[in-house]
Each structure stands twice: as structure tokens, then as C-alpha cells.
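Residue-level listing of the chains:
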Amino acid sequence: MSVSSTALAASPAASLYQRVQRVIPPMEWPVFSGDIDAILALKRERNAVILAHNYQTPEIFHCVADIVGDSLALARKAMTVDADVIVLAGVHFMAETAKLLNPDKVVLIPDLDAGCSLADSITAADVRLMRQNYPGVPIVTYVNTSAAVKAESDVCCTSGNALAVVESLGVPRVIMLPDEYLARNIAAQTKVEIIAWKGHCEVHERFTPADIRELREAHPGVTVLAHPECPPEVVAEADFAGSTAAMSDYVGRHKPARVVLMTECSMSDNIAVDHPDVEFVRPCNLCPHMKRITLANIRAALEENRHVVTIDPEVAGAARQAVERMLAL
């Protein structure tokens, strides 16, 4: 069944379809357009902005989001938001971070179950025990953690600035939590001894060196970009490793004829919109938590003011300091 150009043009959001037509088939657009129109109107009515992570689907990332990027970009830009309401199209720790940096604003997350395997891998009590076991060793905590874990930390980091954060401390050894693979990949780039935790991202831990070798055989000349949450053996096989922002920048700078991103599926779709001359090979590892965010529940969040993110004030104060120390770098 095809959809006529007249049907596509019937929506006030029709002009947005031109941007995403390469990654959203025409027959799917009517499913999205009603929610998009409603969300655009609700944002105006409520003086709201939508922050969307790079792993959100294209109809969210390109059609309703006001600010997009990796976790570092969202953390930075959240501080400059001139709005009464922030809707975080991402997972729960990101919504908490937005609230930490905007304590006087209403922060909404469309689905309370949009969690994170890394955030779930460690608790505040675990961090306190690590501090007891390694007295005096500073604790660098990945932003993919709860506010309670951040509150027990000295400074936060993202995959994009982890090396800079570690080396900025000027100490011979640090504890880096909770992603074991990120810690090991950073350890390979510095003389600082890194004590790691055993947390893993359920998306990135599934990639293997064999996957890359098979992709190279099936797609000769392909450039392989890997996220540093992948196992070190995968990073070693890749042509480049970096955060989602760094991968996007790489594609923009180098314009590889054919590229594969060893990360979450939607990342390729979102970058492909701006790079029609690049062929994207898509090994598909979905993040089930990111995919809990939809246009429908973003709309419901704005209509019903759900779900409001709250953080205990004592926890928030300490967690905010750890995030602000990171941003100060």
C-alpha cells in the first residue's frame, strides 16, 4: 500500500518528512505525523523542550527534538535550556542528570522503565565499599549511573571525556565505575592505573571481533567505528573508537564511502539523514530501554505531565557536584 503525496502534505509536520524520507518509508509516516503535530503544539503551549539521545529513532531525533547528542552534549546543553519543562527522550539516568542541572525546572521521562544495564550494575553501597577497599583513590563515575551512585563519586565522566577526566586528577591510580570495557579501553591510553568494576552495556558487550571480520569480508573496504563500551578486542579490530558524538564527527569529516557503527541501531539512521553519500552497513543491536521512548509516550508526558523526575535533595547536592566537576573540565 502506497501513500500519496497529498496524504503526506496534509499534516502541518509534512515539511519534516523531507528530512527523514530516506530512513522512514512513506507508508509509515502517517503513523507518526499525528503525534508529531500534537507534540509540536504541546511544546509551544507548555514552553517545553525535548532532549533526545543519539539512540532515539529518527522520527523523534529529527522531527520533535530540540536538542540532540550524546550524554555529554545533553548534559552541557541542559544547563542552557530556556524552558519550563524538559522532556528527556532517553533513559532514566539522563533524565536525572537533566534534573540535577535544572533543579527548578520540571523534567519528565516518558517511560519510567527506560533504564540502563550499566546503571543497574552498581549501587551507592557498592561505591562506598570500593572507597573503603581503596582509601584515598578518587572515584570516576560514568554518567550512565543513578544519581545515588554519582553522589558517592568524586567526578563523573562520559565516554567522550573519560580520558581527560582521568588524567586531570593528577594521581597515579583511579577507580572507574561501572563499565569494565570503557575502563579497560581508557587504561590502554594512559599511564594512570585504573581499577574497574564489572558492569557492561547489554548492547555493546554483544559485539565481537568475529563480527567485524565477517563485516569486512562481506563489505570490502568498509570503515569500522566502535563505541568504547565495546570489549577491548572489538575496539582493537576497529578503524576508530569513540563516543557517539565522535563517531558522528568522524563520518562528517572523513566521508567514508561505506561505514559500519558498532553501537545501537538508530545511531546509523540518524547520521545517515545528513550523509546521503555514505553507505551505512547496519549490524543491529537494539537497546530495549531506549526503544521504550516513543512519540506516543512523549505526547502523553506533555499532555499529562508524566512522569516527573524527582531526586532526594541531599543526594542531588552531592551528585550535582560530581557532574559539575566534569563539566568544568
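As a reminder, the structure under discussion sits directly above these lines.
Definitions and limits used
Residues numbered from 1 in each chain as written. Predicted model: local features only at pLDDT ≥ 70, side-chain atom pairs only at ≥ 80, totals over all residues. Heavy atoms only, no water. Helix = DSSP H or I, 4+ residues; strand = E, 2+ residues; numbered from the N terminus. Buried < 20%, exposed > 50% of the residue type's maximum accessible area, 1.4 Å probe, protein only. Contact = heavy atoms within 4.5 Å. Phe/Tyr/Trp six-rings, centres within 6.5 Å; stacked < 30°, edge-to-face > 60°. Axes fitted to C-alpha atoms, helices over the stretch in contact; angles between N-to-C directions. Parallel < 35°, antiparallel > 145°, perpendicular 65-115°, else oblique. Left-handed = near helix turned anticlockwise from the far one by under 90°. Nonpolar A, V, L, I, M, F, W, Y, C, P; charged D, E, K, R; others polar. Pairing = 2+ DSSP bridges. Salt bridge = Lys/Arg side-chain N within 4 Å of Asp/Glu carboxyl O.

(A) The arrangement of the side chain of Lys43 in detail. Following the sequence through the fold, Lys43 ends up in helix α3 (residues 29-46). Judged by its relative accessible area of 11%, Lys43 falls in the buried class. Excluding residues that lie within four positions of it along the chain, Lys43 makes contacts with Ala48, Ile50, Val64, Asp66 and Leu302.

(B) Seen up close, the environment of Ala319. Considering the arrangement of structural elements, one finds Ala319 in helix α17 (residues 313-328). Residues Ala319 and Ser117, 202 residues apart in the sequence, show an inter-C-alpha distance of 20 Å. Contacts of Ala319, omitting those with residues within four sequence positions, involve Leu100, Ala147, Lys150 and Ala151.

(C) Expanded view of the packing of aromatic side chains. Enumeration over the complete set of coordinates arrives at 2 aromatic pairs. Judged by centre distance (5.0 Å) and plane angle (50°), the rings of Tyr17 and Trp29 are tilted. With a gap of 12 residues between them, Tyr17 in helix α2 (residues 14-20) and Trp29 in helix α3 connect regions that are remote in the sequence.

(D) Structural context of the packing of α3 against helix α16 (residues 295-304). Packing of α3 against α16 brings their axes to within 9 Å, and their N-to-C directions diverge by 30°. It follows that α3 is roughly parallel to α16 by the angle criterion. Taken as a pair, α3 and α16 cross one another with a handedness that is left-handed. When α3 is examined against α16, the residues Phe32, Gly34, Asp35, Ile36, Ala38, Ile39, Leu42, Lys43 and Arg46 are found in contact with a partner set consisting of Leu295, Ala296, Ile298, Arg299, Ala301, Leu302 and Glu303. Tallied by class, the residues present in the contact of α3 with α16 amount to 10 nonpolar, 1 polar and 5 charged.

(E) Here's a closer look at the sheet that holds strand β11 (residues 258-262). If you walk across this open sheet you meet the 4 strands as β10-β9-β11-β12, and the pairing is parallel. Both edges of this open sheet fall to β10 (240-241) and β12 (279-281), since each of them pairs with a single strand only. Strand direction decides the pairing type here: β11 and β12, joined by 3 bridges, are parallel. Residue Val260 lies in a different strand from β12, and its bridge partner there is Val281. This element, helix α12 (residues 209-218), spans β9 (223-226), β11 and β12 of the sheet and lies at about 165° to β11. Contacting β9, β10, β11 and β12, helix α14 (residues 244-254) crosses the sheet at an angle of about 160° to β9.

(F) Geometry of the sheet that holds strand β1 (residues 48-53). Read across the open sheet, the 4 strands follow the order β2-β1-β3-β4; overall the sheet is parallel. Of all strands in the sheet, those bounded by a partner on one side alone are β2 (67-69) and β4 (106-108). When strand polarity is set aside, the average angle formed by the axes of neighbouring strands in this sheet is 20°. Sheet topology note: the strand β3 (residues 85-89)/β4 ladder contains 3 bridges and is parallel. The partner of Val87 across the bridge, within β4, is Leu108. Sheet strands in contact with α3 are β1, β3 and β4, and its direction is about 130° off that of β1. On the sheet, α16 packs against β1, β3 and β4 and is oriented at approximately 160° with respect to β3.

(G) Expanded view of the pattern of salt bridges. Using the criterion set out here, one finds 18 salt bridges in the structure. For Arg131, the salt bridge identified is with Asp154, shortest N-O distance 3.4 Å. One end of the pair, Arg131, is in helix α8 (residues 124-133); the other, Asp154, is in the loop between α9 (147-151) and β6 (155-157), with 23 residues separating them in the sequence. With relative accessibility at 27%, the residue Asp154 sits in the partly exposed group. Taking the shortest distance from any N to any O, the salt bridge between Arg213 and Glu237 comes out at 2.8 Å.

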